[in-house]
Amino acid sequence: MRFAILGSGAVGGYFGAKLAKAGQDVTFVARGAHLDAIRNQGLEIKSAKLGDFVVRAPAESDTATIGPVDVAIVSVKAYDNTTALPMLTPLIGRDTSVLTLQNGVDSADEVAAIVGEAHVLGGTTYVATALEGPGLIVQTGAHRSIIFGEVFGLSDVAVAKSGDRGRITPRVQAIADVLAAADIQTTAVADARVPIWDKFVYLAAFAGFTGASRLAIGHIWKYPHVREMFYACSREIAAIAKAEGVTISANRFETLEEYMTNIPPTTRSSLLIDLEQGKRIEVEALQGAAVRRAAKHGIPVPILATLYALLKPHAGGQVK
């Protein structure tokens, strides 16, 4: 398959490198020193648990030089969507699939506004990687999972026509097979909205609490009241999902509690890391998106609203 990676940083760059290493035709979309490094030295992946490797693959700043691909993977930070998503247009052919792996629950709709719903697949990922320098991605741990599937055309009418609510479409299965062959832990699902909202139930709360407190999770998780408010925040998000017509996994809060009980105490959200570095933060894609959707449905979300109010002034980066 021919892939284009729109957003070749810690997440997109890592998965693109895995695909290129497996022999897939991958073009990275990047800019600045990172673009130059990929072109001149290749993209290097360092992973203590899975092994180091370097891939040499084309890298471009202008998607018009790439042309239509089979799959475009979107992994730019959500706050860059205004400028980044229009870059998808030259990549779209008749059968192109656009797989968005961005944080939050707005991405599929925002991508569809550019390329049309028929091209869009939604997904989420669990991977611990960091862009340590131009052309260098470091992976901690061994998780490297992508969960994805269709996000549009899932109405009862569509289900009646297919005859099977649990049906995974051929294009999703074909892409899943390629990802799995590249040593990516892949789960294809019939309705990608479920894993997307499952992650959102956790991430909007986790990023909000660590970001608002400016602390790694271990410093705040030892307080029972904080834990109580964290789970209450997650329940606010679950209520929004229900209003949106999405039923999260039945055991979601059991798995969330297990995860939070065992999470390394030094863990910081990417939002907190960006905040500490004075960078822009994904508050609008996380807490902002939740608050706006709650308002649309008339759902009270006092904890989310408070986190949003505390973090919004930092949306554009360092406050001067």
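Details of the structure are given in the entry above.
Note that this is a predicted model, so its numbers are computed, not measured.

Conventions we followed
- Residues numbered from 1 in each chain as written.
- Predicted model: local features only at pLDDT ≥ 70, side-chain atom pairs only at ≥ 80, totals over all residues.
- Heavy atoms only, no water.
- Helix = DSSP H or I, 4+ residues; strand = E, 2+ residues; numbered from the N terminus.
- Buried < 20%, exposed > 50% of the residue type's maximum accessible area, 1.4 Å probe, protein only.
- Contact = heavy atoms within 4.5 Å.
- Areas by Shrake-Rupley, 256 points an atom, 1.4 Å probe, with all protein chains shown as cover.
- Lys, Arg positive; Asp, Glu negative; His and termini not counted.
- Charge placed at Lys NZ, Arg CZ, Asp CG, Glu CD.
- Expected span 1.5 Å × (residues − 1).
- 1 Å grid on protein atoms, 1.4 Å probe; cavity = no way out; pocket = protein on both sides within 12 Å on 5 of 7 lines; lining within 4 Å.
- Points joined across faces, edges and corners; volume = space filled by probe spheres on them.
- Nonpolar A, V, L, I, M, F, W, Y, C, P; charged D, E, K, R; others polar.
- Salt bridge = Lys/Arg side-chain N within 4 Å of Asp/Glu carboxyl O.
- Axes fitted to C-alpha atoms, helices over the stretch in contact; angles between N-to-C directions.
- Parallel < 35°, antiparallel > 145°, perpendicular 65-115°, else oblique.
- Left-handed = near helix turned anticlockwise from the far one by under 90°.
- Arc of directions from axis to C-beta.
- Pairing = 2+ DSSP bridges.
- Core = buried A, V, L, I, M, F, W, Y, C linked by side-chain atoms within 4.5 Å.

Undergrad: I keep staring at the overall build of the chain and nothing clicks. Help me out?
TA: Scanning the chain for helices and strands turns up 13 helices and 10 strands. Taken along the three principal axes of its C-alpha coordinates, the chain extends 50 × 50 × 35 Å. Taken over 320 residues, the chain has a buried fraction of 51%. Taking the intrachain contacts of the chain between residues at least 6 apart in sequence as the baseline, contacts between residues at least 24 apart amount to 71%. Of the accessible surface of the chain, which amounts to about 14500 Å², a share of 54% is contributed by carbon and sulfur atoms. Between the centroid of the 31 positive side chains of the chain and the centroid of its 31 negative side chains there is a distance of 3 Å.

Undergrad: How should helix H12 (residues 284–297) be read in this particular structure?
TA: Every α-helix winds through 3.6 residues per turn, so residues three or four apart in the chain are directed the same way. Over its 14 residues, H12 runs 18 Å from end to end, which matches the ideal 20 Å to within 8%, given 1.5 Å per residue. Taken as a whole, H12 has its buried residues at Ala-285, Leu-286, Gln-287, Gly-288, Ala-289, Ala-290, Val-291, Arg-293 and Ala-294. Packed against the buried residues of H12 are helix H4 (107–115), helix H7 (193–213), helix H9 (224–243), helix H11 (270–276) and helix H13 (302–311). Taken from the residues just after H12, Gly-298 is the one with a positive phi, measuring 70 degrees.

Undergrad: Before we go on, may I ask you to explain the layout of surface pockets in this structure?
TA: The gaps left among the atoms become clear once a water-sized probe is rolled over them. Estimates place the volume of the second largest pocket at around 390 Å³. Lining the second largest pocket are 23 residues, and of these Val-105, Ala-108, Asp-109, Arg-193 and Trp-197 lie nearest its centre. The element that contributes the greatest number of residues to the lining of the second largest pocket is H7, accounting for 6 residues. Counted by class, the lining of the second largest pocket contains 9 nonpolar, 8 polar and 6 charged residues.

Undergrad: Mind showing me how you'd approach the pattern of salt bridges here?
TA: If the charged atoms of two oppositely charged side chains come close together, the side chains can form a pair. The tally for this structure, following the rule as stated, stands at 16 salt bridges. One salt bridge connects Arg-94 with Asp-95, and the closest N-O pair in it is separated by 3.3 Å. With respect to class, Arg-94 is no different from Asp-95; both count as exposed. The salt bridge involving Arg-171 is made with Glu-150; its shortest N-O contact spans 2.8 Å. Pair noted here: Arg-171 is in helix H6 (residues 170–181) and Glu-150 is in strand S9 (residues 136–150), with a separation of 21 residues, a long-range link. Relative accessible area serves as the criterion here: at 25%, Arg-171 is assigned to the partly exposed category. One salt-bridge network, in which partners are shared between bridges, spans Asp-106, Asp-109, Glu-244, Arg-293 and Lys-296.

Undergrad: Would you mind showing me how to read the packing of H7 against H12 here?
TA: Geometrically, a packed helix pair is captured by the angle between its two axes and the distance between the axes. Taken N-terminus to C-terminus, the directions of H7 and H12 make an angle of 115 degrees; their axes are 9 Å apart at the nearest point. With respect to their mutual orientation, H7 and H12 come out roughly perpendicular. For the element pair H7 and H12, the recorded crossing hand is left-handed. Judged by residue contacts, Trp-197, Phe-200, Leu-203, Ala-204, Ala-207 and Gly-208 of H7 engage Ala-285, Leu-286, Gln-287, Ala-290 and Arg-293 from H12. Of the residues that constitute the contact of H7 with H12, the class distribution is 8 nonpolar, 2 polar and 1 charged.

Undergrad: I would appreciate a short explanation of the environment of Phe-3 in the present structure.
TA: As for its position among the elements, Phe-3 is in strand S1 (residues 2–6). Overall, Phe-3 belongs to the buried group, its relative accessible area being 0%. Sequence separation between Phe-3 and Ala-20 is 17 residues, and the spatial gap between their C-alpha atoms is 9.1 Å.

Undergrad: So what exactly am I meant to see when it comes to H13 here?
TA: Burial in H13 covers these residues: Ile-303, Leu-304, Leu-307, Tyr-308 and Leu-311. The arc that holds the buried residues of H13, viewed along the axis, is 135 degrees, so those residues lie on one side. Residues of H13 that are exposed and angled more than 90 degrees away from the buried face: Pro-302 and Ala-309. Those residues of H13 that are buried lie in contact with H7, H9, H11 and H12.

Undergrad: What should I look at first to understand the pairing of strand S3 (residues 43–47) in this one?
TA: Each regular strand shows side chains that alternate between the opposite faces of the sheet. Burial along S3 is one-sided: Leu-43, Ile-45 and Ser-47 are buried, while Glu-44 and Lys-46, pointing the other way, are not. Where S3 meets strand S4 (residues 53–55), 3 bridges bridge the pair, whose relative direction is antiparallel. Its bridge partner being in S4, Ile-45 is matched across the sheet by Phe-53. Linkage of S3 to S4, two consecutive antiparallel strands, is achieved through a turn of 5 residues, within which Gly-51 is found at a positive phi near 100 degrees. Two strands pair when backbone bridges link them, and S3 and S9 are joined in this way by 4 bridges, in the parallel orientation. Looking at S9, one finds that Glu-44 is bridged to Leu-136.

Undergrad: Looking at this structure, I do not really get the nonpolar core. What am I missing?
TA: Across soluble globular proteins, you tend to see nonpolar side chains buried next to one another. Ranked by size, the top nonpolar core spans 67 residues in total, and within it Leu-88, Trp-197, Phe-230, Met-260 and Leu-304 carry the most contacts. Sorting elements by how many residues they give to this core places H7 first, with 11 residues. Other than its neighbours up to four places away in sequence, Met-260 contacts Tyr-202, Phe-206, Ile-217, Trp-221, Phe-230 and Tyr-231. Counting 33 residues, the second largest nonpolar core, distinct from the first, contains Val-26, Ile-38, Ile-73 and Ile-184.

Undergrad: Would you explain unusual backbone geometry in this entry?
TA: Peptide bonds are trans in most cases, and residues, glycine excluded, mostly fall at negative phi. Of note in this structure, Asp-183 is not a glycine but carries a positive phi near 65 degrees. Residue placement: Asp-183 occurs in the loop between H6 and strand S10 (185–189). For Asp-183, a relative accessible area of 37% corresponds to the partly exposed category.

None of this, on its own, says anything about what the molecule does.
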